Amino acid sequence: MLSSCVKDNTSGSTENISDGENPDDTEKPVLTENILLGYNGRSTEGPSWTDGTFLSLVSDTKTMCIRYPGGTQANSWDWKEGKLVDKTEPKYLFRIGDLVAGLPQTAQVVYVMNMVNTPARVGVEKPLTDQSVEGLYLKIDDALLALKEFERLGRPPMAVELGNEFYFQNEHAAFYGQNPELYLEHVRIICKEIHEVYPDMKIAIVATKGGTKGRDAWNKVVYDALNSDEFLKENIYAVVQHHYISETTGNTAFRITDNSTAEQVLAEAFAYMESVKKDYDDVPEGYKLWITEFGITKYSKLDEEGMWPLGLSYAAMVLSWLEMGDKIDCYMLHHITNNPSVINTSVMRLGPAAVAYGIVTDLMEGCKSVTRGKDYAEGNIRSWIFTYEDEKKVLLMNTSASAVNDIDVSDLLGTETYSVEQHYAPDIIKSPVVKDNGIKNENMDNIRTFEIRPFALVLCNCL
């Protein structure tokens, strides 16, 4: 007789696998304590962070962290006014006070410092061309004032991220564009000034996924410095990478028109994650890797973002990152107001990405380790085992268009019966779908075996 869902040291065991094989029989559980899953906080396109319905949906995403103000706009952000520097009359404001008032109390903040196009009030006359040390100190003063504002409101950020995507050579990167030497010179000055005031503040710096001449050149300079510079070793906590499925992967080579193309989308999401393992390995030891933007954003038609299989792709990617190891302790999906896959602002409901990603986020609360479990149905159904202080939970993903009978995870949970919470969309090609309208939630108790539906994401809990 199986035990009653108690913690043990064999949560990642793959013995007695009948339907599939674990991808690596020697794989060890990956520690997951203190991992944060959240969103890039970009919201200049709305809704406002003072909108009560929107804030309720933000809470429903289960987000553990928000990156403020977000990505590229951070390089031209006036935090005091809550807008881009060059926007005189923005439609929506996104101020520190708005964020703090609207965030769930448990969510952390990552503040992205504006190192480029600073507002005139900080004293930089030509911010886009001013790369002097004198100009940099004015920007540091501005960043310290931002941190003081967070502190005044009772929500000091857990980290400062120094700029965004400077490996590109464009107006947003300005004088840092493809100039990692200058960037690192300024990073050292910023670290010194911030740590004099906030000695425990985590600082993350710009790196990138590899694969192009410009990106690889940037990474080489940054990673070589991190390996050799004792000051950086003491002051830098993490490097940042952004990962987006490209235009030739996941969707745009074809539309999701049937079950076969939906299966292809998921296969390509997992294949992409296999291809970026080198990016994980290249990060120097002793530093964390933060994925502060990741997802699927390039589509030929906007409405294709609202399909359930694409929501599963987000879960597939974060679960694949979790499998890689302990370097990563912060993941952020691209912006939380992405419509309609995250928060569908047309109907103000959670879209497929928010539902699928939110299930994984919820599992991280109190989780001690996660392990890739066994596969079922010739590899079409993958499993992950989440271990807690006194129990385990199993997450299954059916990557195929076929239902499978007699799924039994009692051996993974260590209990004879368990509960099942199954999320799926009966109409695979319907777009957009949202929570409780196109995305179904099916609950069953006292289960030993069950049928997993096509393209389902299933959570199995001890009773």
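The following refers to the structure shown. Predicted, not measured: the structure shown is a model, and the values here were computed from it.

### Describing the packing of helix α3 (residues 133–152) against helix α4 (residues 180–197)
In contact at an axis separation of 10 Å, α3 and α4 are set at 40° when each is read in the N-to-C sense. The interaxial crossing formed by α3 with α4 has right-handed handedness. Contacts between α3 and α4 involve V133, L136, Y137, I140 and L144 from the first element and E185, H186, I189, I190, E193, I194 and V197 from the second.

### Things to note about α4
Between its terminal C-alpha atoms α4 stretches 26 Å, which fits the 26 Å expected from 18 residues at 1.5 Å a residue. Within the sequence span of α4, burial applies to P180, L182, Y183, L184, H186, V187, I189, I190, C191, E193, I194 and H195. Buried residues along α4 sit against β6 (108–113), α3, β7 (159–162), β8 (202–206), α5 (213–228) and α6 (230–235).

### Comments concerning the pairing of strand β22 (residues 457–462)
With six of six residues buried, β22 lies mostly within the body of the structure. Neither face of β22 is open: one carries L457, L459 and N461, the other V458, C460 and C462, and all of them are buried. Here five bridges tie strand β16 (residues 392–398) to β22, and the two strands are oriented antiparallel to one another. By the bridge assignment, L396 is partnered in β22 with V458. Pairing analysis gives six bridges linking strand β18 (residues 418–424) to β22, with the strands arranged antiparallel. Bridging across to β22, S419 finds its partner in N461.

### Things to note about the side chain of T63
Following the sequence through the fold, T63 ends up in the loop between α1 (52–60) and β3 (65–68). You can call T63 buried: its relative accessible area is 4%. Within the structure, the side chain of T63 is placed 2.8 Å from the backbone oxygen of C65, a separation counted as a polar contact. Contact partners of T63, with chain neighbours within four places excluded, come to L37, G38, Y39, V58 and A107.

### Regarding the pairing of strand β15 (residues 381–387)
Strand residues, when the strand is regular, have side chains that alternate between the two faces of the sheet. Within β15, six of the seven residues are buried, leaving the element largely enclosed by the surrounding structure. Two strands pair when backbone bridges link them, and strand β14 (residues 369–372) and β15 are joined in this way by four bridges, in the antiparallel orientation. Residue pairing across strands places V370 opposite F386, the latter belonging to β15. Relative to β16, β15 is paired through seven bridges, and the arrangement is antiparallel. In the strand pairing of β16, I385 is matched with V394.

### Notes on the side chain of R67
Residue placement: R67 occurs in strand β3. The buried category is assigned to R67, whose relative accessible area is 0%.

### Quick word on the sheet that holds strand β19 (residues 434–435)
Spatially, β1-β14-β15-β16-β22-β18-β20-β19 is the arrangement adopted by the eight strands of the open sheet, whose pairing is mixed. The open sheet has two edge strands, β1 (30–31) and β19, and neither has a second partner. Pairing geometry for β19 and strand β20 (residues 438–447), over two bridges, is parallel. Within β20, the residue paired with K435 across the bridge is I439. Along the sheet, helix α9 (residues 308–324) contacts β1, β14, β15, β16, β18, β20 and β22; its crossing angle with β16, the most-contacted strand, is approximately 130°. Against the sheet, helix α10 (residues 352–364) contacts β15, β16, β18, β19, β20 and β22, and its axis sits at roughly 155° relative to β16.

What counts and what doesn't
- Residues numbered from 1 in each chain as written.
- Predicted model: local features only at pLDDT ≥ 70, side-chain atom pairs only at ≥ 80, totals over all residues.
- Heavy atoms only, no water.
- Axes fitted to C-alpha atoms, helices over the stretch in contact; angles between N-to-C directions.
- Helix = DSSP H or I, 4+ residues; strand = E, 2+ residues; numbered from the N terminus.
- Left-handed = near helix turned anticlockwise from the far one by under 90°.
- Contact = heavy atoms within 4.5 Å.
- Expected span 1.5 Å × (residues − 1).
- Buried < 20%, exposed > 50% of the residue type's maximum accessible area, 1.4 Å probe, protein only.
- Pairing = 2+ DSSP bridges.
- Polar contact = N/O pair within 3.5 Å; in protein donor to acceptor, adjacent residues only side chain to side chain.

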